[in-house]
Amino acid sequence: MHRRFKPEDLVAAIYEDEGFYEVERREEGILGASSRIVLSDGRRELAVNILDEDTLMVHGAIHDALLQAEKLRERYSGVAIAIPRRFRRAVDDGVLSMHGLGLIVYDMMGAEEVVPPRFSERIEVAKSSNTVIQEKAVGVEEIVRIRSDIGRILRMLEELEARLDRLERAQRSLEIRVNKIEQRSSTVEVKVRETPKVEERVKPDSEKLPSYLVDNPWIDILSRRE
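The rules we used
- Residues numbered from 1 in each chain as written.
- Predicted model: local features only at pLDDT ≥ 70, side-chain atom pairs only at ≥ 80, totals over all residues.
- Heavy atoms only, no water.
- Patch = residues over 30% accessible without salt bridge, like charges linked within 9 Å, V, L, I, M, F, W, Y side chains within 5 Å.
- Areas by Shrake-Rupley, 256 points an atom, 1.4 Å probe, with all protein chains shown as cover.
- Salt bridge = Lys/Arg side-chain N within 4 Å of Asp/Glu carboxyl O.
- Lys, Arg positive; Asp, Glu negative; His and termini not counted.
- Charge placed at Lys NZ, Arg CZ, Asp CG, Glu CD.
- Helix = DSSP H or I, 4+ residues; strand = E, 2+ residues; numbered from the N terminus.
- Buried < 20%, exposed > 50% of the residue type's maximum accessible area, 1.4 Å probe, protein only.
- Pairing = 2+ DSSP bridges.
- Axes fitted to C-alpha atoms, helices over the stretch in contact; angles between N-to-C directions.
- Contact = heavy atoms within 4.5 Å.
- Phe/Tyr/Trp six-rings, centres within 6.5 Å; stacked < 30°, edge-to-face > 60°.
- Lys NZ or Arg CZ within 6 Å of the ring centre and 35° of its normal.

(A) Inspection of a positive patch on the surface at higher detail. Residues Arg-163, Arg-166, Arg-169 and Arg-172 make up a contiguous surface patch of positive charge. Mapped onto the elements of the fold, Arg-163 is located in helix H5 (residues 121–194). Given the relative accessible area of 49%, Arg-163 is considered partly exposed.

(B) Just the sheet that holds strand S2 (residues 35–40), in detail. Read across the sheet, 6 strands follow the order S1-S2-S3-S4-S5-S6 without closing on themselves; strand pairing throughout is mixed. Both edges of this open sheet fall to strand S1 (21–26) and strand S6 (110–115), since each of them pairs with a single strand only. Strand-to-strand twist in this sheet, taken as the mean axis angle between neighbours without regard to direction, amounts to 25°. As paired elements, strand S5 (residues 102–107) and S6 share 5 bridges and run antiparallel to each other. Bridging from a neighbouring strand, Leu-103 pairs with Val-115 of S6. Its contacts with the sheet put helix H3 (residues 61–72) on S2, strand S3 (45–50) and strand S4 (78–84), and the angle it makes with S4 is roughly 155°.

(C) Representation of the packing of aromatic side chains within the structure. Throughout the structure, instances matching the rule amount to 2 aromatic pairs. Taken together, a centroid distance of 6.0 Å and an interplanar angle of 75° make the contact between Tyr-15 and Phe-20 edge-to-face. Of the two residues examined, Tyr-15 and Phe-20, each falls in the buried class. Three or more aromatic residues joined by ring pairs make a cluster, and in this case those are Tyr-15, Phe-20 and Phe-119. The positively charged end of Arg-44 is found above the aromatic ring belonging to Phe-119, 4.4 Å away from the centroid.

Right, here's the structure in full:
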């Protein structure tokens, strides 16, 4: 008894020779398709919406499938749709090529790529390269700016240290001057306290002296002698 392969397995097999491997598979909740597989070769991702016969029997199914596939181009490098071989004539190859969408047909014997998807890896690589260059440029500018800021801060610190040294020297000088002034003040105060008082001597009563001795300078001199 031969094993019956799923459409997802048949579609994935035709890209194995190109280095693609399956990274995601969804079989429910897919708009415009019955299932979806995502293949990757490490650089590019290919999303394939797979439609079965039941899905294609619905009116407008092809149109919906193309709309949903077009939306996937914003997320993946390449997008394709896979339909049963018997519905091959229901799809216009020119429309798919114009939108960059791929077309795969499958049956019990296997799958075949009829219209190859147009990958956008060149654009993505260019964008990635530009992004890397911009990031490197920004990184270099940032390093230069940071180094400049560090140099400016170091110069400010040196200036602050110099000012602090000057302030400390001025403080020590003021302290020395204040100490000298305090010492001088205490010395003057001691000398003032030790100065003896001058005793006032009472002049002799001139009224008791004889008239010939009044206003005689020798009387005043002799009165001062002890």
